[in-house]
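# Close look at the chain arrangement
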Amino acid sequence: MEQLSTNQQEAVLQLQSILGPHDHDVDVLISVLQSLDWDVEHATELILNDPQDQIGDSPAARQLPQMQLENPGPARGQEPPWSLTQTLFSLLSLPFNVVSGILRFLLGILRIPLLSLPFNNSSATYRALRQTYPNPRGATRRWITALEEETGAVSFKSAAAITSALDNQPSTSRRHRYPPTSPADGGKILPDFFDGTYEEVLDICQKEGRIACVILVSDEHDDVPEFKRSTLTDPGFVRMLTENNFVVWGGDVRDKVSWDAGQKLQATTYPFIAFLALQPRRNHSTSASPSSSSPVLTVLSRHHGPSVPGSGPTSALTLMHHLEHQLLPRVTPFLTRYTSQLHEHERDRILREQQDKAFQDSARRDHERIQARIRTEQEGAERLRREEAARRQEEQRMQAERERLQSMQALRLHWQRWMRRCIVPPEPRSGTAIRLALKLSGSARIVRTFPPNSTLTELYAFADAQKIPLTLQSEGDPEHAPEGFEGDLHNLENYIQSQIQGPDSWWGFKLALAYPRREIKWTANTSLVDAGLKSGEQLVMETICDINSASLHSFRRRL
């Protein structure tokens, strides 16, 4: 009691003074007070109002309040060596064992309860029959199956499945309730045995905060068949284990896994029942580390012996009274707090997982948005680059077109100025002459006198010279034709006729009489008189839209 506080020590002393002559262990009183938050009044009512207190203190059901299983690993008991007498007895009883095995098999098929044979009650036979299975789960499942065949009952899990199947049928099919509340309800129900290993049961108790009920039997003991028929199939006992979420595990100590569990639980008499659960660790030093305050798996009570009469240590009534008035009030408050902490930790874990998932989803969406923005920017930059390249290409093409048109205009202007100087004849001052009026494209009109022997080439050259800008005076007209052309009027006519596009396209216009309209088509070596022109007539200059003129017009429109 040194590690208890002053108030806690006073509570223990007060409880001892109230109990008076009853001899109660101090550790038991401390455990009861801890489970009731050191409430002396409730602890007194719990202990004094229990009429089965003498049973709980009996050697058959003695409680071990703090038998800690801190290392629930496999522990093997040391078997004593066989003597010569035991060996001879084992050999002599071998035929009886064979006959007993055959009878057990036949009675199991007929679902007749088995009776223990007296010649099987020897430790030598027990050691000879103890079996070792490579799969511990297989041994537990075989024991559960054999228990169902021996008692004619089904496990609670199978009964629940049958109930759910019957619920889907008409109400006349639902004649029984599972588990039955009385023998009159019909079939027998076994507890929902866990078919794993003993170590897995301890792991469930630690991780889920549940109470374990470990049942160990040995068919070599006379009390075991009646225990199976009466206690394990009792509806009230099965219901109490189920409603309080017990982890029920059992086996025959002839199997190695069950024998190892019996050694750890110090089982010596069968049938044997032990209840285990997590309980607060008692520190015996004031300088205990924080890790030592964690709960430890504890054997709460052990029960062994016959199940008959009804007050037997392993009878259903005794076990139910013990659970309802002693064990559950003692351990339930702590397990409730412990499971609530487990649930809170689980909620925190789930919340952290949800937060982590939400953070990851948010990070993923942010990453996707950033990547989408980067792709959009890259696509925009690529589009701008293509547009810029197309613009530069268009500018280069327009510049080339501009230069080509300028070159064509310069070449044409050179021809026009050369023809104005070398081809167009001067106006005659006297004598007969042909006086013509020329209406240019637009509103301009000019009157010119040509010698009677003038040709259409000279008339067209005069009309073409009217396109020369006024800023270019005749004094600066070139003496030589462009492209190295040398010659006179005759050579010019031959050059015009040699053009692939034709004379009209080369001149870029045509002349026609105004009224009545008659086209004066250019022909080589044709005089004005031969062309039917007379003095005083008026000509109209009509522009021809050739390829060069169309290119120039389109280029100017784009500009």
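Residues numbered from 1 in each chain as written. Predicted model: local features only at pLDDT ≥ 70, side-chain atom pairs only at ≥ 80, totals over all residues. Heavy atoms only, no water.

## Notes on the overall build of the protein chain
Helix and strand counts for the protein chain come out as 18 helices and twelve strands. For the protein chain, contacts bridging at least 24 residues in sequence account for 74% of all contacts bridging at least 6. Summing over all exposed atoms, the protein chain offers an accessible surface of approximately 31,600 Å²; the carbon and sulfur share of this is 54%. (Helix = DSSP H or I, 4+ residues; strand = E, 2+ residues; numbered from the N terminus. Contact = heavy atoms within 4.5 Å. Areas by Shrake-Rupley, 256 points an atom, 1.4 Å probe, with all protein chains shown as cover.)

## Notes on the sheet that holds strand S9 (residues 445-450)
Strand order in the open sheet made by the five strands is S9-S8-S12-S10-S11, with mixed pairing throughout. Only two strands of the sheet have a single neighbouring strand rather than two, namely S9 and strand S11 (518-520). Ignoring strand direction, the axes of neighbouring strands in this sheet form an average angle of 35 degrees. When strand S10 (residues 509-513) meets S11, the two strands line up antiparallel, connected through three bridges. Note that in S11 the partner of leucine 511 across the bridge is isoleucine 520. Contacting strand S8 (434-439), S9, S10, S11 and strand S12 (538-543), helix H15 (residues 456-465) crosses the sheet at an angle of about 110 degrees to S10. (Pairing = 2+ DSSP bridges. Axes fitted to C-alpha atoms, helices over the stretch in contact; angles between N-to-C directions.)

## A word on the pairing of S10
Burial analysis of S10 places four of its five residues in the buried class, which makes it a mostly covered element. When S10 meets S12, the two strands line up antiparallel, connected through five bridges. If you follow leucine 513 over to S12, its bridge partner there is leucine 539. Counted along the chain from S10 to the antiparallel partner S11, the turn is four residues long. (Buried < 20%, exposed > 50% of the residue type's maximum accessible area, 1.4 Å probe, protein only.)

## Focus on the nonpolar core
Residues Ile211, Ile215, Phe246, Phe275, Leu276 and Leu323 are the most contacted members of the largest nonpolar core, which totals 55 residues. With ten residues, helix H14 (residues 316-422) is the largest single contributor of residues to this core. When sequence neighbours within four positions are dropped, the list of residues in contact with phenylalanine 246 reads Arg210, Ile211, Cys213, Met240, Leu241, Phe275, Leu323 and Leu328. Among the nonpolar cores identified, the runner-up in size contains 32 residues, and Phe450, Phe462, Leu528 and Met541 belong to it. (Core = buried A, V, L, I, M, F, W, Y, C linked by side-chain atoms within 4.5 Å.)

## Digging into the pattern of salt bridges
All chains considered together, the criterion is met by 30 salt bridges. Its salt-bridge partner being arginine 210, residue glutamate 208 comes within 3.1 Å of it at the nearest N-O pair. Take glutamate 208: its relative accessible area is 41%, and that puts it in the partly exposed class. For arginine 391, the salt bridge goes to glutamate 388, with nearest N and O atoms at 2.1 Å. (Salt bridge = Lys/Arg side-chain N within 4 Å of Asp/Glu carboxyl O.)

## Thoughts on a nonpolar patch on the surface
There is a patch of nonpolar side chains on the surface, built from Leu94, Val98, Ile102 and Leu106 and spanning about 360 Å² of accessible area. Relative to the helices and strands, leucine 106 is located in helix H6 (residues 94-109). (Patch = residues over 30% accessible without salt bridge, like charges linked within 9 Å, V, L, I, M, F, W, Y side chains within 5 Å.)

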